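# Overview (structure and organization)
Listed below are the residues making up each chain.
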Amino acid sequence: MAVIETENLTYVYGEGTPFRKVALDNVNLSVEEGELVGVIGHTGSGKSTLIEHFNALLRPTSGNVFIDGERINWDEKKTLRDIRFKVGLVFQYPEYQLFEDTVYKDIAFGPKNMELDENEIDRRVRETARLVGISEDMLTKSPFDLSGGQKRRVAIAGVMAMEPKVLILDEPTAGLDPKGRETILEMIHHYHREKKNTVMLVSHSMEDVAKIAKKILVMNDGRLFCYDDTKKVFERADELNAMGLSVPQITRVFNRLKEKGINITEDVYTVDFGKKLVEKVMEMKK
Amino acid sequence: MIKDITIGQFFPGQSIVHRLDPRIKLLLTVIYIVMLFIADTFLGLFAGIVFLAAAYAISQIPLKMILKSVKPIVPLIIFTGILNLFFITTGETLIKFWIFKITTGSIKTAVFMIIRIIALIIGTSLLTYTTSPIALTDAIERVLSPLKKIKLPVHEVAMMMTIALRFIPTLVEETDKITMAQKARGADMESGSLIKRAKALIPILIPLFVSAFRRAEELAMAMECRCYHGGEGRTRLKQLHCALRDMYAVFISAAFIALVIIIDRVNIF
Ligand SMILES: Nc1ncnc2c1ncn2[C@@H]1O[C@H](COP(=O)(O)OP(=O)(O)OP(=O)(O)O)[C@@H](O)[C@H]1O
Ligand SMILES: [Mg+2]
């Protein structure tokens, strides 16, 4: 079943001012439940604007958004909060929204707003802390005393603890070192496998997306360029290049090898898979 | 949303009003304010409004923006109106109840004051609509520079204003972002008692302050790295120049203020 659907979704910033900007232009898409979707597109293509519609933070200029088959009704403010619990959104640089005096309280902020009972809140906080690799003794620390990467994980845990049906993350790896990126990605992948929930991951890094996403959604200048399996999307390397995107480095390497006449039939978009393939080819040559 | 705050918001354009020297615009605004305050009659006030309307027409600021600038001061307008209505006692009594009485004089004064305040706000808004904040502080610095002689830190104050102005949109944007992020975590800011709503601001204010301090620190560091050391001996990238159009503008507004004075002297209304 489709958990997120949009119908002719259009959004305009600054209507009626000289800064008018069409950020989303007639977007129609449908995301199935349990999917792990990568969202890519060049800067300013409308990715953030799109996902802010999914949990009713932005009101469409025209068109509709359906969550779980139900149309978001903007005239009933009360229902909007329920949608926000259903679709958890982690903003870019989420560490800047930490505010409580302990990590524990900050992760508990969302669940508390859901008016869960104490035991349930406690369970969720501890479980998500474990999931994102925040140790027990860190829970009593001030979030402002943590390192950048740790803060980021606490902030993500704050949204995960609401156990949303759909988890959306806007560039969760931005500004981290390779190891930090790896940790966050692994954590998201792990969350997806454990919870079987829908996850959407906005990212500038094709490598990151290729590594974990099953499907890819490509935005281009406010329009939906395509939404398809990872493999199918990266097959369109030329078109992606034309809109200022790329395919993962490893894919480029293997595409060149194919051009040189090496007999490779599969498409490669992760280093691990590439490695296996190379080993196989070497094996055959012996 | 918070973005709707417009006082002090620049509305870019290419009109003559936009291109006037900001110092001259500052001067014209002062002249305009004086004009409103020496106008004692409706006709005098009307002349001031004609001047304002003409300036707005030339600058091509949409009507919507003008209305927006008045919106925040509606309570003040109503308050002034009511005060004048009850406490002015000249003229014939029209209605009388308890200790209050409404007279022809009080109605006249109330209406007069309301028009004056609205004209004042709309007029000063024109300055900020057509002048970028940076140009404006630049102009203020130049106009006040004689005060350096008496050891007033004019440059530093102007720099502080420039920085403050520069960061207003950034902070507004940041507030919006943080608000959205906390809303996404289910923060409820629109319902409940006053105390509950005030408490709901904490998750927004704390991150906002933290980031404002972080920004301030970064900015200070960046300025020091570029050897900023205050106004002493600094030259400007953009020099301000008075052009012919500035002369015309001063001339026209001088004519208008003269007109207002004459109207008041003749006192035909
Ligand atoms: N608050 C805003 N006011 C006005 N215009 C905006 C605002 N936010 C975004 N825009 C404009 O809308 C367009 C889409 O922005 P959006 O943030 O959705 O892009 P994005 O794909 O998330 O980019 P990035 O990869 O840089 O995060 C951009 O052209 C941007 O300039
Ligand atoms: Mg974005």
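Every value quoted in this text rests on a predicted model; they were computed, and no experiment measured them. (Residues numbered from 1 in each chain as written. Chains lettered and ligands numbered in written order. Predicted model: local features only at pLDDT ≥ 70, side-chain atom pairs only at ≥ 80, totals over all residues. Heavy atoms only, no water.)

## Looking at the site of ligand 1
Residue and element names in this part refer to chain A. Definition in use: Summary of the distance rule: residues count as near a molecule or strand when at least one heavy atom falls within 4 Å of that molecule or strand. Whenever a nitrogen or oxygen atom comes within 3.5 Å of another N or O atom, the pair is scored as a polar contact, on the condition that within protein one atom can donate a hydrogen and the other can accept it, and that pairs from neighbouring residues in sequence are kept only if both atoms are in side chains. Elements are defined by DSSP. Helices are runs of H or I of four residues or more, strands are runs of E of two residues or more, and each kind is numbered from the N terminus. When residues are sorted by character, Ala, Val, Leu, Ile, Met, Phe, Trp, Tyr, Cys and Pro go into the nonpolar class, Asp, Glu, Lys and Arg into the charged class, and all the rest, Gly among them, into the polar class.
Taken together, 15 residues lie around ligand 1, and Thr 43, Gly 44, Lys 47, Ser 48 and Thr 49 are the ones closest in. Taking Lys 47, its side chain carries an N or O atom lying 2.7 Å from an oxygen atom of ligand 1. The side chain of Ser 48 places a nitrogen or oxygen atom 2.6 Å from an oxygen atom of ligand 1. Of all elements in the fold, only β2 (21–32) and α1 (47–54) reach the threshold of two or more residues within the shell around ligand 1. Tallying contributions element by element places α1 first for the shell around ligand 1, with three residues. Here the residues of the shell around ligand 1 sort into two nonpolar, nine polar and four charged.

## Here we look at a nonpolar patch on the surface
All names here are of chain B. For the record, the criterion: Candidates for patches are residues over 30% relative accessible area with no salt bridge; among them, like charges are joined within 9 Å and nonpolar side chains (Val, Leu, Ile, Met, Phe, Trp, Tyr) within 5 Å. Per-residue accessibility takes into account occlusion by the displayed protein chains alone, with areas from the Shrake-Rupley method and a 1.4 Å probe. Just to be clear on terms, a salt bridge is a Lys or Arg side-chain nitrogen sitting within 4 Å of an Asp or Glu carboxyl oxygen.
A surface patch of nonpolar side chains, amounting to about 760 Å² of accessible area, comprises Leu 94, Ile 95, Phe 97, Trp 98, Ile 99, Ile 107 and Val 111. For the nonpolar patch, the secondary-structure elements that each account for two or more residues are β1 (93–97) and α6 (104–130). Considering every element that reaches the nonpolar patch, the biggest residue donor is β1, with three residues.

## Quick word on the sheet that holds strand β3 (residues 36–40) of chain A
Residues and elements named next belong to chain A. Selection criterion: Paired strands, in this sense, are two strands between which DSSP finds at least two bridges. The axes are straight lines fitted to the C-alpha atoms, using for helices just the contacting stretch, and the angles between their N-to-C directions are given from 0 to 180°.
Read from one edge to the other, the open sheet built from six strands follows the order β6-β7-β8-β3-β9-β10, with strand pairing classed as mixed. Two strands close off the open sheet at either side, each with one partner strand: β6 (87–90) and β10 (223–229). Taking each pair of neighbouring strands and ignoring which way they run, the sheet shows an average axis angle of 15 degrees. As judged from the four bridges shared by β3 and strand β9 (residues 215–220), these two strands associate in the parallel manner. Looking at β9, one finds that Val 37 is bridged to Lys 215.

## Description of the domain arrangement of chain A
Residues and elements named next belong to chain A. To keep it simple, the criterion reads: What marks off one domain from the next here is an automatic or database domain assignment. Contacts: residue pairs with any heavy atoms within 4.5 Å of one another. Once two parts are joined, some of their accessible surface, as seen by a 1.4 Å probe, is lost; buried area is that loss totalled over both.
Under the domain assignment used here, chain A contains domain 1 (2–233) and domain 2 (248–286). Relative placement of domain 1 and domain 2: their C-alpha centres are 34 Å apart. In this complex, domain 1 contributes six residues to the contact, which on the side of domain 2 involves five residues. Interface area for domain 1 against domain 2, summed over the two sides, is near 470 Å², with a carbon-plus-sulfur share of 64%. If you sort the residues of domain 1 by the area they bury against domain 2, Glu 207, Ala 210 and Lys 231 come out on top, with a joint share of 73%.

## A short note on the packing of helix α8 (residues 154–184) of chain B against helix α10 (residues 202–225) of chain B
All names here are of chain B. To be explicit about the condition: In this scheme, a crossing is called left-handed if the near helix is turned counterclockwise away from the far one by less than a right angle; it is called right-handed if the turn is clockwise.
Orientation of α8 relative to α10, taken along the N-to-C sense of each, is 140 degrees, at an axis distance of 10 Å. Note on packing geometry: the crossing formed by α8 with α10 is right-handed. When α8 is examined against α10, the residues Met 159, Ile 163, Phe 167, Thr 170, Leu 171, Glu 174, Thr 175, Ile 178, Thr 179 and Gln 182 are found in contact with a partner set consisting of Pro 203, Ile 204, Pro 207, Leu 208, Ser 211, Ala 212, Arg 214, Arg 215, Leu 219 and Met 223. Split into classes, the residues belonging to the contact of α8 with α10 amount to 12 nonpolar, five polar and three charged.

## As for the packing of helix α3 (residues 42–59) of chain B against α6 of chain B
All names here are of chain B. Selection criterion: Our angle categories are set so that under 35 degrees counts as roughly parallel, over 145 as roughly antiparallel, 65 to 115 as roughly perpendicular, and the remainder as oblique.
At their nearest, the axes of α3 and α6 sit 11 Å apart, and the two run at 25 degrees to each other. If you check the angle between α3 and α6, you find them roughly parallel. Considering how the two elements wind past one another, α3 and α6 form a crossing that is left-handed. Counted together, Phe 42, Leu 45, Ile 49, Leu 52, Ala 55, Tyr 56 and Ser 59 of α3 and Lys 108, Val 111, Phe 112, Ile 115, Arg 116, Ala 119, Ile 122, Gly 123, Ser 125, Leu 126, Tyr 129 and Thr 130 of α6 form the full contact between these two elements.

## Quick word on the nonpolar core
Residue and element names in this part refer to chain A. For clarity, the cut-off: Nine residue types can take part in a nonpolar core, namely buried Ala, Val, Leu, Ile, Met, Phe, Trp, Tyr and Cys, and a core is a set of them joined through side-chain atoms within 4.5 Å. To sort residues, take the accessible area from a 1.4 Å probe on protein chains only and compare it with the maximum for the residue type: under 20% means buried, over 50% means exposed, and anything in between is partly exposed.
Ile 107, Ile 134, Met 160, Leu 167, Leu 169 and Val 218 are the most contacted members of the largest nonpolar core, which has 50 residues in total. With residues up to four places along the chain from it excluded, the contact list for Val 218 reads Ile 40, Arg 223, Leu 224, Phe 225, Cys 226, Val 233, Leu 240, Met 243 and Leu 245. Ile 4, Ile 51, Met 200 and Leu 217 belong to the second-largest nonpolar core, a separate cluster that totals 35 residues.

## A word on the sheet that holds strand β1 (residues 2–13) of chain A
Residue and element names in this part refer to chain A. Taken in spatial order, the four strands make up an open sheet running β2-β1-β4-β5, and their pairing is antiparallel. The open sheet has two edge strands, β2 and β5 (70–71), and neither has a second partner. Judged from the eight bridges that link them, β1 and β2 form a sheet pairing that is antiparallel. Across the sheet, Thr 6 pairs through a bridge with Leu 29, a residue of β2. Along the sheet, α1 contacts β1, β2 and β4 (62–67); its crossing angle with β1, the most-contacted strand, is approximately 125 degrees.

## Describing the packing of aromatic side chains
Cut-off, in case you're wondering: Only the six-membered ring of Trp is used, alongside the rings of Phe and Tyr, when aromatic pairs are assigned; centres must lie within 6.5 Å, and planes under 30 degrees apart are stacked while those over 60 apart are edge-to-face, with the rest tilted.
Under the counting rule described, the total for this entry stands at seven aromatic pairs over all chains. Aromatic side chains Phe 99 of chain A and Phe 109 of chain A sit 4.9 Å apart centroid to centroid with 85 degrees between the ring planes, which places their arrangement in the edge-to-face category. One end of the pair, Phe 99 of chain A, is in the loop between β6 and α3 (103–113); the other, Phe 109 of chain A, is in helix α3, with 10 residues separating them in the sequence. Since its relative accessible area comes to 7%, Phe 99 of chain A is described here as buried. Note on Phe 109 of chain A: relative accessible area 10%, which makes it buried. Seen from their ring centres, Phe 42 of chain B and Phe 112 of chain B are 5.3 Å apart, and the 90 degrees between their planes marks the pair as edge-to-face. Note that Phe 42 of chain B is positioned in helix α3 and Phe 112 of chain B in helix α6, a separation of 70 residues in sequence. A relative accessible area of 23% means that Phe 42 of chain B is categorised as partly exposed. Its relative accessible area of 9% is what places Phe 112 of chain B among the buried residues. Ring pairs connect the aromatic residues Tyr 32, Phe 51 and Phe 256 of chain B, which therefore count as one cluster.

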